[in-house]
Amino acid sequence: MRRSIKILAENLENCPYTSATTTAPPRRFSEIPGPREIPVIGNSRNLKYAIGTDAETIENYNKHLEEMYNKYGKIVKENLGFGRKYVVHVFDPADAQTVFAADGKTPFIVPLQETTQKYREMKGMNPGLGNLNGPEWYRLRSSIQHAMMRPQSVQTYLPFSQKVSDDLVRHVAEEQIRFGNANMQKVAGRWSLESAGQILFEKSLESLGNRSEWADGLIELNKKIFQLSAKMRLGLPIFRLFSTPSWRKMVKLEDEFYAEVDRLMDDALDNLKISESDSQNMRFASYLINRKELNRRDVKVILLSMFSDGLSTTAPMLIYNLYNIATHPEALRKIQEEIKEDPTSSKLPYLRACIKETFRMFPIGTEVSRITQKDLTLSGYLIPAGTAVDINTNILMRNMVLFSDSPHEFKPERWLEKSKSVHPFAFLPFGFGPRMCAGRRFAEQDLLTSLAKLCANFDIRHRGEPITQIYETLLLPRGNCEFEFKKL
Ligand code: HEM
């Protein structure tokens, strides 16, 4: 990681946004600007949530972050209230770099879903990769690093990715004939479930075939968990002390979800065998059961973490990509030409640039979080060790200065022009460092393969209400997700 920080830092010199180094002593934490604080309640926004959980406000949490940036500048502190501590929001890539550089071997994070962490602990389960910190996180993460993060290892899954994309093309064509369009809220969910089956459970779940209704049920369940979790995250945290109606509802939803996923994991693991053959070429679950340092419980924790994180991220990203492509016919034409030129190539630089641009315009998360492990100076203020810092990637990736005054335009070309360098800590859709998204390579490969197949087979149109984002723990699509696919 040190090396990658060094390489990235070398690109920084020309960036107008890079903070000038200063020798002045850092200012006190209490001086960091931020919303008015009310005793017990915390920042003034909490009052809205305390009086009644205002869905409208929660859905616009990303807008609230943007407003804070516009009002207070590139560093803002927020008192979370009700016995919770402060969170420091940073909106400056130089500060992001400082935080990541201090990460060390085991970066600490605030779990994205406190409710999931609490549920798993209550059930005696391991909280899972995205919820753990410290040596237990390190032990589990190290065991999958090789299988998940090396681009070469992910190549092993290419044939399965291709099979899923063929199934997707067939399914979309069928939906188009049946309904006159394909509702991608459903289809993308089925696609991501099918891909998870192939990669994690080593079998087809037939989500794009006979079992699409079953798939829709599981995806809906997952969606409800994310929606409720957003309300509980931003609302009054009484569920930490008492079993509130929201908490009981959450337990019921999680129970249903885990019963289903547990069945999937047991089915997969019961059919896999310990093998002496080359573990480098094994698929994921087989690779895991062949790791001597992992027992069955560990394997299930890892599979569960990968499954639940993957399910809620790649499906919306497929929708956002299709939306950008469908609303920019010239981009679709360029992708189709690129594929026609070399149908077997997986290089596809223009399509890759479209995907990158979509990650920038439609980030799936509001922030990448860290708990600092040593004192840091951010934007000239002293941040004591143990402070929660949110690196607001969604604001960074749409910043006017960092993206040449056109942050709201879909411009894949910006990633192809060598002369235009982007601050390396301004574009972090998968986070950074040892805690970087464990499914990154899979997500990128699945998106590239399936989008290439869809673009090569169809003219894609989008009409009606534009797609925007709402906050439901992640930034999920709102608007018309029905696309028309005209066979070429
Ligand atoms: C397009 C889709 C995706 C995006 C944008 C995304 C983004 C992220 C981000 C920003 C993080 C936090 C990184 C950090 O703290 O530095 C993360 C963590 C994680 N992601 Fe993803 N992700 C995606 C897809 C996936 C998929 C497909 C999987 C599984 C197959 C997955 C599994 C995980 C796991 C397990 C973690 C926790 C890692 C840890 O704490 O060690 N993600 N992801």
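Source: prediction; values computed, not measured.

About the criteria used
- Residues numbered from 1 in each chain as written.
- Predicted model: local features only at pLDDT ≥ 70, side-chain atom pairs only at ≥ 80, totals over all residues.
- Heavy atoms only, no water.
- Phe/Tyr/Trp six-rings, centres within 6.5 Å; stacked < 30°, edge-to-face > 60°.
- Helix = DSSP H or I, 4+ residues; strand = E, 2+ residues; numbered from the N terminus.
- Buried < 20%, exposed > 50% of the residue type's maximum accessible area, 1.4 Å probe, protein only.
- Near = heavy atom within 4 Å.
- Polar contact = N/O pair within 3.5 Å; in protein donor to acceptor, adjacent residues only side chain to side chain.
- Nonpolar A, V, L, I, M, F, W, Y, C, P; charged D, E, K, R; others polar.
- Expected span 1.5 Å × (residues − 1).
- Arc of directions from axis to C-beta.
- Pairing = 2+ DSSP bridges.
- Axes fitted to C-alpha atoms, helices over the stretch in contact; angles between N-to-C directions.
- Contact = heavy atoms within 4.5 Å.
- Donors = N, O, S within 2.8 Å, 3.2 Å for Na, K, Ca; no water.
- Salt bridge = Lys/Arg side-chain N within 4 Å of Asp/Glu carboxyl O.

A. Representation of the packing of aromatic side chains within the structure. Applying the stated criterion to the full structure yields 19 aromatic pairs. Ring geometry for Phe-100 against Phe-432: centres 5.3 Å apart, planes inclined by 50°, an arrangement best described as tilted. A residue pair is termed long-range when its members are at least 10 positions apart, and Phe-100 in helix H5 (residues 93-101) and Phe-432 in the loop between helix H18 (393-396) and helix H19 (440-457) qualify at 332 residues. Each member of the pair, Phe-100 as well as Phe-432, is classed as buried. Put simply, the rings of Tyr-119, Phe-201, Phe-257, Tyr-258 and Phe-307 touch in pairs and so form one group of aromatic residues.

B. Summary view of the site of the ligand. Surveying the vicinity of the ligand reveals 24 residues, the closest of which are Trp-137, Arg-141, Arg-370, Arg-435 and Cys-437. At 3.5 Å, a backbone N or O of Leu-129 approaches an oxygen atom of the ligand. Contact distances for the ligand include 3.2 Å between an oxygen atom and a backbone N or O atom of Phe-432. Elements supplying a minimum of two residues to the shell around the ligand: helix H7 (135-149), helix H14 (296-311), helix H15 (314-326) and strand S6 (368-371). Counting residues per element, the shell around the ligand draws most heavily on H14, at three residues. Residue composition of the shell around the ligand, grouped by class: 14 nonpolar, six polar and four charged.

C. Structural context of helix H4 (residues 61-72). In a regular helix each residue adds 1.5 Å, so twelve residues correspond to 16 Å; H4 covers 16 Å between its end C-alpha atoms and thus fits that length. For H4, the set of buried residues is Tyr-61, Asn-62, His-64, Leu-65, Met-68 and Tyr-69. What you see down the axis of H4 is that its buried residues fit within an arc of 160°, all on one side. Exposed and oriented more than 90 degrees from the buried face of H4 are Glu-67, Asn-70 and Lys-71. Gly-73 sits one or two residues past H4 and shows a positive phi near 105°.

D. Here's a closer look at the sheet that holds strand S3 (residues 75-81). With mixed pairing, four strands are arranged side by side in an open sheet as S3-S4-S9-S6. Lying at the two open borders of the sheet, with one neighbouring strand each, are S3 and S6. Here the average twist between neighbouring strands, direction ignored, is 25°. Where S3 meets strand S4 (residues 84-90), six bridges bridge the pair, whose relative direction is antiparallel. When the bridges of S4 are listed, Val-76 appears paired with His-89. Packed onto the sheet, H4 meets S3 and S4 and runs at close to 130° relative to S3.

E. Region of the structure containing the coordination of the iron atom of the ligand. For the iron atom of the ligand, the sole protein-derived donor is Cys-437 (SG), lying 2.3 Å away. Tracing the backbone through its elements, the reader meets Cys-437 in the loop between H18 and H19.

F. Summary view of the pattern of salt bridges. Per the counting criterion, the structure on display carries 31 salt bridges. The closest approach of N and O atoms between Asp-166 and Lys-453, which form a salt bridge, is 2.9 Å. Of the two residues, Asp-166 is situated in helix H9 (residues 158-179) and Lys-453 in helix H19; the sequence distance between them amounts to 287 residues. A cluster of three or more residues bridged by salt bridges with shared partners is formed by Asp-262, Asp-266, Asp-270, Arg-296 and Lys-300.

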